[in-house]
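# Results of the structural survey
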Amino acid sequence: MGKVVSFTNKKGGVGKTTTVVNLAAYCAELGKKVLLIDLDSQGNATTGLGFSKSALKKSVYSVLIDEEKVSSNILPTEVPLLDILPANVDLSGAEVDLVYKHSREAILKNALKEVKNNYDYIFIDCPPSLGLLTINAWVASDSVLIPLQSEYYALEGVSQLMNTISLVKQHLNPSLVIEGVVITMYDGRATISKQITAEIKKFFKTKLYEIVIPRNIRLSEAPSHGKPISLYDPKCVGARAYKALAEEFLSKQ
């Protein structure tokens with residue numbers, strides 16, 4: 001049965017989507033069957049894997065709101081063993097539409113039962129907010145993976161995030177755990193980056209991955225070409241970091 005992992009941070013611009021896309025691609029490259037669910041209405045994971053949000057008829061919105069089957073909305077990607085349940089422009093209205101649904105927090109969890117046995121991992125790219133879409137992701141998940149930027153404000157929102165995860169664990173999903181924390185956009189030349197990393201290590205201890213993701217121009221270019229870094233520039237420093245992170249992630253399973 002596939003393990004479901006939510007990639008989450010309530011702060012935008014921390015490398016969350018870059019991390020979920022590239023970790024999914026490298027886990028697939030390492031032989032794991034992976035489904036990536038784009039639950040962020042910005043749809044960056046969808047475009048980052050080469051799909052046009054505006055042209056798509058299949059989407060996670062159809063699953064959540066129109067009660068279509070997950071299997072009817074999954075698309076194969078350019079990466080062997082990696083599928084996507086994409087986002088299209090309709091997802092921006094999903095938070096409001098979900099309010100009127102019965103058992104609205106568990107819609108995604110119930111929908112995923114159909115395909116859970118078909119995958120080794122199901123990765124969910126959550127929106128940078130703590131609304132109903134994120135709650136749906138956490139209720140459906142076994143664990144949460146948190147990308148954190150090594151900058152001054154990184155730890156500021158973490159306590160609120162941890163409190164909300166705690167509430168979901170208490171009331172909706174008792175088995176939810178923290179999968180791990182990955183430091184992104186790391187600048188080894190900046191003293192502040194090293195200091196913040198030390199603080200994050202103190203806070204998360206063994207949950208912090210040893211592999212850190214450096215700032216890398218090739219990583220930021222890849223999405224505009226609709227490719228994960230493994231296909232865009234597999235030899236760059238960012239690609240090597242994400243491949244190593246995938247190996248570390250899989251070694252802890």
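What this report covers is the structure whose coordinates are included nearby. This one's a predicted model, so the numbers in the text were calculated from it and none came from an experiment. Counting starts from 1 at the beginning of each chain's written sequence and moves along it residue by residue. Whole-chain, interface and lining totals are the exception, using all residues; otherwise, since this is a predicted model, local features are given only for residues with pLDDT of at least 70 and side-chain atom pairs are given and counted only at 80 or more. To obtain the side-chain values, all non-hydrogen atoms of the structure were used and water was disregarded.

With that settled, the discussion passes to the pairing of strand β5 (residues 121–125). Within β5, five of the five residues are buried, which leaves it mostly tucked inside the rest of the structure. Buried means the residue's accessible area, taken with a 1.4 Å probe over protein chains only, is under 20% of the maximum for its type, while exposed means over 50%, and partly exposed covers the values in between. Numbered from the N terminus, helices here are DSSP runs of H or I no shorter than four residues, and strands are runs of E no shorter than two. By the alternation rule, side chains of β5 split into Y121, F123 and D125 and I122 and I124, which are all buried. In terms of strand pairing, strand β1 (residues 3–7) meets β5 through five bridges, oriented parallel. Residue pairing in the sheet places K3 in a bridge with Y121 of β5. Relative to β5, strand β2 (residues 34–38) runs parallel, the two sharing five bridges. Looking at the pairing, I37 lines up with I124 of β5. By definition, two strands form a pair when at least two bridges between them are found by DSSP.

A separate point is helix α11 (residues 237–251). One less than the number of residues in a helix, times 1.5 Å, gives the span that helix is expected to have. The terminal C-alpha atoms of α11 lie 21 Å apart, and with 15 residues this matches the ideal 21 Å at 1.5 Å per residue to within 8%. Among the residues making up α11, those that are buried are G238, A239, A241, Y242, L245, A246, E248, F249 and L250.

Secondary-structure assignment places Q42 in the loop between β2 and α2 (44–48). Taking the relative accessible area as the measure of exposure, Q42 reaches 41% and is therefore partly exposed. Residues Q42 and A87, spaced 45 residues apart in sequence, show a C-alpha to C-alpha distance of 8.0 Å. The contact definition used throughout considers only heavy atoms, calling two residues in contact when any of these lie within 4.5 Å. Not counting residues up to four positions away in its chain, the partners in contact with Q42 are K53 and P128.

On to the layout of surface pockets. Gaps left between atoms are located by rolling a probe of water-molecule size over the structure's atoms. Site definitions follow a grid-based scheme: protein atoms alone, a 1 Å grid, a 1.4 Å probe that fits but cannot get out for cavities, and for pockets an open set with protein on both sides within 12 Å along at least five of seven lines, plus lining residues having an atom within 4 Å of a point. Grid points are joined across faces, edges and corners, and a volume is the space filled by probe spheres set on the points. Taken as a whole, the largest pocket spans an internal volume of roughly 510 Å³. Among the elements of the structure, α1 (16–29), α2 and α9 (217–221) are those that each provide at least two residues to the lining of the largest pocket. Looking at the lining of the largest pocket, the element that brings in the most residues is α1, giving five residues. Think of it as three bins: nonpolar holds Ala, Val, Leu, Ile, Met, Phe, Trp, Tyr, Cys and Pro, charged holds Asp, Glu, Lys and Arg, and polar takes everything else, Gly as well. Split into classes, the residues belonging to the lining of the largest pocket amount to 13 nonpolar, 13 polar and five charged. As a volume, the second largest pocket reaches approximately 160 Å³. V4, K109, L112, K113, K116, V139, A140, S141, D142, N173 and S175 together form the lining of the second largest pocket. The set of elements that each furnish at least two residues to the lining of the second largest pocket consists of α5 (107–112) and α6 (132–140). Of the residues in the lining of the second largest pocket, the class split is four nonpolar, three polar and four charged.

Below, the discussion takes up the packing of α6 against helix α7 (residues 158–171). Axis lines are fitted through C-alpha atoms, for helices just across the contact stretch, and the angle between N-to-C directions can take any value from 0 to 180 degrees. Following both chains from N to C, one finds α6 and α7 inclined at 60°, their axes separated by 10 Å at the closest point. Here α6 is positioned oblique relative to α7, judged by the angle of their axes. Note that α6 runs across α7; the crossing there is right-handed. Contact residues: α6 offers I135, W138 and V139, while α7 offers L161, T164, I165 and V168. When its residues are assigned to classes, the contact of α6 with α7 shows six nonpolar, one polar and no charged. The cut-offs work like this: below 35 degrees is roughly parallel, past 145 is roughly antiparallel, 65 to 115 is roughly perpendicular, and the gaps in between are oblique. Two helices cross in a left-handed way if the nearer one is turned anticlockwise from the farther one by less than a right angle. They cross in a right-handed way if the turn is clockwise.

On to unusual backbone geometry, then. The phi dihedral of M185 is positive, around 50°, even though this residue is not glycine. Along the polypeptide, M185 turns up in the loop between β7 (177–184) and α8 (191–204). What makes M185 partly exposed here is its relative accessible area of 24%. Despite not being glycine, K205 shows a phi value in the positive range, around 50°. Tracing the backbone shows K205 in the loop between α8 and α9. Classification of K205 as exposed rests on a relative accessible area of 53%.

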